[in-house]
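# Overview (structure and organization)
Here is how the chains run, residue by residue.
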Amino acid sequence: MTAPPTSVTATVPRTPRRRRPSQGWVPRQHGAWAMLVVPPVVGATMAGWTWRHALLMAAWLVGYLAYHAAGIWLRSGRRARYVRPVLVYGGAGVVLLAALVASAPRLLLWSPAFAVLLGVSLVASLRRADRSWWNDTVTILAAALLTPVAAGLSTSVVAPGRLWTATAVLAAYFLGTVPYVKCLIRDRDDPRVRRVSVVYHVVVAVLGALVDPVLGAVGALLALRAVVVPWRWPRLRPGPIGAGEVLATMVVTVAVLLRV
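A brief structural summary. Everything numeric here is computed off the predicted structure, so don't read it as measured data.

## Thoughts on the nonpolar core
In this structure, Val-42, Leu-56, Leu-100, Val-252 and Val-256 are the most contacted members of the largest nonpolar core, which totals 43 residues. Elements supplying a minimum of two residues to this core: α2 (32-47), α3 (51-75), α4 (83-103), α6 (133-144), α7 (146-151), α8 (160-184), α10 (213-232) and α11 (238-259). What Val-256 contacts, discounting residues up to four positions off in sequence, is Val-42, Ala-166, Val-169, Leu-170 and Leu-215. One finds Tyr-180, Cys-183, Ala-226 and Val-229 within the second-largest nonpolar core, a separate group that totals eight residues.

## Quick notes on the packing of aromatic side chains
Overall, the coordinates contain six aromatic pairs when judged by the stated rule. Centre to centre, the rings of Trp-25 and Tyr-89 are 5.5 Å apart; their planes meet at 70°, and the pair counts as edge-to-face. Taken together, the residues span a long stretch of sequence, with Trp-25 in the loop between α1 (8-11) and α2 and Tyr-89 in helix α4 at a distance of 64 residues. Under the relative-accessibility criterion, Trp-25 is labelled partly exposed at 34%. Pairing Trp-110 with Trp-164 gives two aromatic rings, centres 6.4 Å apart and planes at 40°, and the pair type is tilted. Separated by 54 residues along the polypeptide, Trp-110 in the loop between α4 and α5 (111-126) and Trp-164 in helix α8 bring together distant segments of the chain. Residue class for Trp-110 comes out partly exposed when judged on its relative accessible area of 23%. A relative accessible area of 43% places Trp-164 in the partly exposed class. Clustering of aromatic rings is evident, with ring pairs tying together Trp-33, Tyr-64 and Tyr-67. Looking at Arg-225, its charged tip hangs above the ring of Tyr-180, at a distance of 4.1 Å from the centre.

## What about the packing of α8 against α10?
Two numbers describe how α8 lies on α10: the axes approach to 10 Å, and their chain directions differ by 10°. The angle between the axes of α8 and α10 places the two elements in the roughly parallel class. Of the residues in α10, those in contact with Val-169, Tyr-173, Tyr-180, Cys-183 and Leu-184 of α8 are Leu-215, Leu-222, Arg-225, Ala-226, Val-229 and Pro-230. For the contact of α8 with α10, the residue count by class is ten nonpolar, no polar and one charged.

## Digging into the pattern of salt bridges
In this structure the tally under the stated criterion is six salt bridges. Two residues, Asp-189 and Arg-235, come together in a salt bridge whose shortest N-O distance is 3.1 Å. On the criterion of sequence distance, the pair formed by Asp-189 in the loop between α8 and α9 (191-211) and Arg-235 in the loop between α10 and α11 is long-range, its members being 46 residues apart. Each member of the pair Asp-189 and Arg-235 is classed as exposed. Its salt-bridge partner being Arg-192, residue Asp-190 comes within 3.0 Å of it at the nearest N-O pair.

## With respect to the side chain of Thr-147
Take Thr-147: it is sitting in helix α7. Here the side chain of Thr-147 touches Pro-39 through a polar contact of 3.5 Å, landing on its backbone oxygen. With sequence-adjacent residues up to four places away left out, Thr-147 is seen in contact with Pro-39, Val-42, Gly-43, Leu-163, Thr-167 and Leu-170.

The rules behind each value
- Residues numbered from 1 in each chain as written.
- Predicted model: local features only at pLDDT ≥ 70, side-chain atom pairs only at ≥ 80, totals over all residues.
- Heavy atoms only, no water.
- Core = buried A, V, L, I, M, F, W, Y, C linked by side-chain atoms within 4.5 Å.
- Buried < 20%, exposed > 50% of the residue type's maximum accessible area, 1.4 Å probe, protein only.
- Helix = DSSP H or I, 4+ residues; strand = E, 2+ residues; numbered from the N terminus.
- Contact = heavy atoms within 4.5 Å.
- Phe/Tyr/Trp six-rings, centres within 6.5 Å; stacked < 30°, edge-to-face > 60°.
- Lys NZ or Arg CZ within 6 Å of the ring centre and 35° of its normal.
- Axes fitted to C-alpha atoms, helices over the stretch in contact; angles between N-to-C directions.
- Parallel < 35°, antiparallel > 145°, perpendicular 65-115°, else oblique.
- Nonpolar A, V, L, I, M, F, W, Y, C, P; charged D, E, K, R; others polar.
- Salt bridge = Lys/Arg side-chain N within 4 Å of Asp/Glu carboxyl O.
- Polar contact = N/O pair within 3.5 Å; in protein donor to acceptor, adjacent residues only side chain to side chain.

Everything listed here is a matter of coordinates, which is why it stays silent on function.
Put into C-alpha cells, the structure is as follows:
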C-alpha cells in the first residue's frame, strides 16, 4: 500500500509576503487624506462655496501626490525608476495651480509660507526623516493653512477671529494625532510617547473649553481616548485605529463648523 502523496505546500513553511515597495503612484499613508480634505472643506463651508474651491481641491490633492512621489524619489537616492510619478503629478499640479492662481491672484500671498513648509519637509525626505516629529508638524501646519486659503476664495468674508480659531482647532487636533498614533504603532513600547499624548490632549481640552464648551467636551473625549485606548488595547491593529481616527475627525469637523 503506497503512502498518499505529500503536498509541497503542507511541508514547506510559508514565507510571509513582503509588501512591494511603493513606486510613488499611490500613497500608503491613508490617514493623510482626512488631514488634506477637512481644512479646505471647513474653510469653504465657513465662507461659502464657489467653483474655485473645486479647482483648489484638485490642485491641492494632485500637489500632495506630487509631494509624496518627490519624497519617495529623494529617499531612494534619486533613483530613475521613481522619477515618472514626480513628473506626471508635478506637471499636472503645475497646470492646476496656474489655473487656480490665474482665477485668484491673491493666492500668491500664501506662496512664501507654503514654500518654506514644503522646503523643510522635502529636506526631511532627503534625510530620510519623513516620519520624524518635526516633519509631521510641518505637514500638518501646511494642511491647516488650507482653511484660510479656502475661505479667501469666497466672495463673502469670515471674521478673522472665527477663521483663525477654526484653523487653530484643526491644527491642534491633527497635531494630537501624531503622538496618539505613534504610541499605538511605531512607539507602542515607549511610555514617554504615551505620556506626551496624554498631556498634550489634556492641555488642548482645557484650551478648547476656554473657547467653547462643546470644543472642551470634544477635547475631553479625545483626552480620555488618549488614556484608555493605549492602556486597554496596547496591540490594536491599524484598521481599528484608522476607523477611530475617521470618527474623531468627523466629530471635530462638525464641532468646528457648529461652534466656531
